[in-house]
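Tertiary structure, described
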Amino acid sequence: MNKMRTESDLLGELQIPETAYYGVQTQRAINNFKISNNYLSHYPEFVKALGVVKLGAAQANHELGILSKELFDAISFASNELIAGKYTEQFPIDMIQGGAGTSTNMNANEVIANIALEHLGKQKGEYQFCSPNDHVNLSQSTNDAYPSALKLALFNMNKPLIEALTSLYEAFDKKGKQFSNVIKMGRTQLQDAVPMTLGQEFEGFSNTLHKEVDNLNRIAAELLVINMGATAIGTGLNAVPGYAQLCTTKIAEIMNEDVSLADNLVEATSDTSSFVDYSSALKRLCVKLSKICNDLRLLTSGPRTGLFEINLPPKQPGSSIMPGKVNPVIPEVVNQVCFKVIGNDLSITMAAEAGQLQLNVMEPIIGFSIMESIQYLTNAMNTLRVECVDGITANVEHLKNEVQNSIGIVTALNPYIGYKASTKIAKEALETGGSVYQLVLDHGLLSKERLDEILDPKNMLGPHV
């Protein structure tokens, strides 16, 4: 049977597993919030960011003379353990929680305190020697420590997202170059329009995703503006003069990033607009990404009764009843991830709007939703690149035949025979099944030499005289 220790808070005593580095307030959160089965331990960047915030606070408090050398050394050791990725399993609380993140903040305070106690040669729970509240949380409140750590975590999580996005747009660009000489028909309103190359289409996919790199990085930079030193509501109660700026400077040094202190700490403590902005950037990326996946599914539709312009790598049998069927499962799963991220953005919007007065207590669902979106989207883009885009091939002869037989190429004749005559040719071709080429010759509208020059698909891929 597991050994237990007894800890107490204002509500009374609770039994804590003897091996646990967390304490009584974390245990209450475990008991109270059985909501999503998504735990803080699932998001190690958040745990590391909590370590960064606690280390920065300890450094500032020690430099300002309100934290002893002995406690500073112990808390620094413990905080650095979290930053190094250790003890992540000691954060077993649900990401969706009441209390504006107090449970998360106290989880970090308790784990750091108990690591520090062992470093000092004490037992877990001997908080008279190193207190989660009086020492680890010195000069802080959940209301500045939690959102600051959350912002730092999201900033760091943006980096692998950008790596996945960059690799994906580069993969589309590589395909664009590979398909640069593959002629096909472009479409508007799902109807034949004018010729283009498959390379131009894939380069379009690449370019639209490339734009999102700068947009995401620009908005992620807003997350480096934090409110450490605000304490409860932004007035800085219980923090000594100079602490806010010094703590922020220390965090910037630990992070090696341009972390800065918010201009108005009262405003910053209740405002969640940087989270809204970042989520909106994720949504914008997903709108583009989902549209691209829709296009890939259309372009590979068939093989006999669809567009069948490209081939996606076959990943699994597509039916339990239809032999030979292979589905575009990778674009499908990315579509669904995009729907989830867009839905999360609505949750974030509603949570940001629901804040009252000097604090937004809905920050836990904001943080969880954004981290979930980043995690899903990073995985989805890597999956799309590796399992789909890298292996796409073109049905070159089929695409060429589509162009030659398309009524859409009549658009190129407008400047030479006029819109009315072009419309007449298009209508006749549609009704009779004849080719635009032969009908123009039959009606004596252009010479064969001139017609060949105009209707050469290569001459219709850009502006020309």
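Residues numbered from 1 in each chain as written. Predicted model: local features only at pLDDT ≥ 70, side-chain atom pairs only at ≥ 80, totals over all residues. Heavy atoms only, no water.

As recorded in an unreviewed UniProt entry, the protein goes by the name Aspartate ammonia-lyase, listed as coming from Empedobacter tilapiae. Of the protein, the UniProt comment under Catalytic activity (unreviewed entry) reads exactly: "L-aspartate = fumarate + NH4(+)". (UniProt positions renumbered as here; feature names shortened; annotations may be inferred.)

1. Quick look at the nonpolar core
Ranked by size, the top nonpolar core spans 113 residues in total, and within it Phe-46, Leu-152, Ile-251, Tyr-278, Leu-296 and Leu-384 carry the most contacts. Considering every element that reaches this core, the biggest residue donor is helix H6 (residues 142-178), with 17 residues. Looking at which domains feed residues into this core, each of domain 1 (4-138) and domain 2 (144-216 + 268-396) supplies at least three. Ranked by size, the runner-up nonpolar core spans 14 residues in total, among them Ala-412, Val-436, Val-440 and Ile-454. (Core = buried A, V, L, I, M, F, W, Y, C linked by side-chain atoms within 4.5 Å. Buried < 20%, exposed > 50% of the residue type's maximum accessible area, 1.4 Å probe, protein only. Helix = DSSP H or I, 4+ residues; strand = E, 2+ residues; numbered from the N terminus. Domains from an automatic or database assignment.)

2. Observations regarding the domain arrangement of the protein
We note that the domain assignment places domain 1 (4-138), domain 2 (144-216 + 268-396) and domain 3 (407-459) within the protein. Between the C-alpha centres of domain 2 and domain 3 the distance comes to 40 Å. The interface is formed by six residues belonging to domain 2 together with five residues belonging to domain 3. Scanning the region where domain 2 abuts domain 3 turns up zero residue pairs in polar contact (both at pLDDT 80 or more). Contributions of two or more residues to the side of domain 2 that touches domain 3 are made by strand E3 (183-188) and strand E4 (191-197). Among the elements that take part in the side of domain 2 that touches domain 3, E4 stands out by supplying four residues, more than any other. Split by residue class, the side of domain 2 that touches domain 3 holds five nonpolar, no polar and one charged. (Contact = heavy atoms within 4.5 Å. Polar contact = N/O pair within 3.5 Å; in protein donor to acceptor, adjacent residues only side chain to side chain. Nonpolar A, V, L, I, M, F, W, Y, C, P; charged D, E, K, R; others polar.)

3. Description of the pattern of salt bridges
Tallied over the full model, the rule gives 20 salt bridges. Its salt-bridge partner being Glu-212, residue Lys-288 comes within 2.7 Å of it at the nearest N-O pair. Taken together, the residues Lys-288 in helix H10 (residues 273-299) and Glu-212 in helix H7 (residues 198-220) connect sequence positions 76 residues apart. One continuous salt-bridge network, built from bridges that share partners, spans Lys-184, Arg-187, Glu-201, Glu-309 and Glu-402. (Salt bridge = Lys/Arg side-chain N within 4 Å of Asp/Glu carboxyl O.)

4. Topic: the UniProt feature "domain: Fumarate lyase N-terminal" (unreviewed entry) in the protein
Residues annotated by UniProt as "domain: Fumarate lyase N-terminal" (unreviewed entry) correspond here to residues 12-343. Here residues 12-343 is 57% helix and 8% strand, with 40 Å between the C-alpha atoms at its ends.

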